[in-house]
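Listed here are the chains, written in short residue letters.
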Amino acid sequence: MKRKLFDLNTIMEEEDIQFGSVYNNGVSWLRGSLLGKGGYGSVFIAKLEKLDLNTMYRPIMAVKSAEVCESSSLQKEKEIYDDLYDSPYILQCLGEETTTDQYGHKFYNILLEYASGGTLASLIKQSGGCGLPESDVKRYTRFILQGIHYIHSHGYVHCDLKPENVLLVSHDGSIDGKFVPKIGDFGLAKKIVKNRKLGDSYTGGTIAYMAPETLADLIQETPSDIWALGCIVFEMLTGNRVWDSRADSYGFPEIPSQVSKDAKDFLKSCLVKNPAFRLTADMLLDHQFL
């Protein structure tokens, strides 16, 4: 589904967004257009009915919803957001609420920070297969990596890192072209468990960003997130997915000559077949590329 992008001011002025035109609004917020749909819920734009300084809600938000009878994953995601609440590189969850639509169906909703810049995937797509300027890639990578380090240090593995799950949030609500990338969609995230049995660590994800040990042995731990980071960085630099490039099966992908030496070394530190030799998020934060 193609996602329409809005900035905060445009959202407030667009005449074709009918907030509250159907049932299933919250106590203090109105539901608007559908932004996207995934396996664990649908995401809508939402706005606060009136400015309230006593609420965490924002004038414009995203609301992720699922029928209550099918909302266990979304409720788990809310719990994870609550554990990861104080990082500037994790999408902020603003609250939860149960609503009822016009047919009497009950929905569980979580209110999220709205990403007015869309997703990193949409930004990469706009490059037309050329990739982003390396200065931008460094900036985005540094912020995403800080988010990953925070997730891992709080005992979680994301398990589905990809450009679609990196949201671009305007840090001050203004239109200045500068967005902070924030990691979202924790529907597949899980707690790190020591001495986990082989195969017990798999929860799912997106094949194009899965590490070799995940595909071969169903192992999905913190090094798997680092592999996914390498795939994201490769995609930002080249405009293409890792396995769209020429490479042997899990051999190192071919990198265009214009990519800097430091960037290539960073990729080689992430895209290591053996997870034991992959650098950790903490180590990568000191890499010369950043």
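As a reminder, the structure under discussion sits directly above these lines.
This text gives an overview of the structure that appears in the document.

The rules behind each value
Residues numbered from 1 in each chain as written. Predicted model: local features only at pLDDT ≥ 70, side-chain atom pairs only at ≥ 80, totals over all residues. Heavy atoms only, no water. Salt bridge = Lys/Arg side-chain N within 4 Å of Asp/Glu carboxyl O. Helix = DSSP H or I, 4+ residues; strand = E, 2+ residues; numbered from the N terminus. Buried < 20%, exposed > 50% of the residue type's maximum accessible area, 1.4 Å probe, protein only. Pairing = 2+ DSSP bridges. Axes fitted to C-alpha atoms, helices over the stretch in contact; angles between N-to-C directions. Parallel < 35°, antiparallel > 145°, perpendicular 65-115°, else oblique. Left-handed = near helix turned anticlockwise from the far one by under 90°. Contact = heavy atoms within 4.5 Å. Nonpolar A, V, L, I, M, F, W, Y, C, P; charged D, E, K, R; others polar.

### A look at the pattern of salt bridges
Part 1 of the argument: Tallying each qualifying case throughout the model produces 8 salt bridges.
Part 2 of the argument: In this structure, Glu113 engages Arg58 in a salt bridge whose closest nitrogen and oxygen atoms are separated by 4.0 Å. Of this pair, Glu113 sits in strand S5 (residues 106-113) while Arg58 sits in the loop between strand S2 (41-48) and strand S3 (60-67), placing them 55 residues apart in sequence.
Part 3 of the argument: The exposure class of Glu113 is buried, given its relative accessible area of 8%.
Part 4 of the argument: For Lys64, the salt bridge goes to Asp185, with nearest N and O atoms at 3.5 Å. Of this pair, Lys64 sits in strand S3 while Asp185 is found in the loop between strand S8 (179-183) and strand S9 (190-191), placing the two residues 121 residues apart along the sequence.
Part 5 of the argument: Judged by relative accessible area, Lys64 falls into the buried class, the value being 7%.
Part 6 of the argument: Note on Asp185: relative accessible area 28%, which makes it partly exposed.

### Describing the sheet that holds strand S4 (residues 93-100)
Part 1 of the argument: Spatial ordering of the open sheet is given by S1-S2-S3-S5-S4, a layout of 5 strands whose pairing is antiparallel. Looking at the sheet topology across the chains shown, the edges are occupied by strand S1 (29-38) and S4. When strand polarity is set aside, the average angle formed by the axes of neighbouring strands in this sheet is 30°.
Part 2 of the argument: Across 7 bridges, the pairing between S4 and S5 is antiparallel. Residue pairing in the sheet places Gly95 in a bridge with Leu111 of S5.

### Brief notes about the packing of helix H6 (residues 222-238) against helix H7 (residues 261-270)
Part 1 of the argument: In contact at an axis separation of 8 Å, H6 and H7 are set at 150° when each is read in the N-to-C sense. With respect to H7, the element H6 is oriented roughly antiparallel. With respect to the hand of their crossing, H6 and H7 are arranged in left-handed fashion. Residues Ile226, Trp227, Leu229, Gly230, Val233, Phe234 and Leu237 of H6 form the contact with H7, whose own contacting residues are Ala263, Phe266, Leu267 and Cys270.
Part 2 of the argument: The residue makeup of the contact of H6 with H7, split by class, is 10 nonpolar, 1 polar and no charged.

That is the geometry; function is a separate question.
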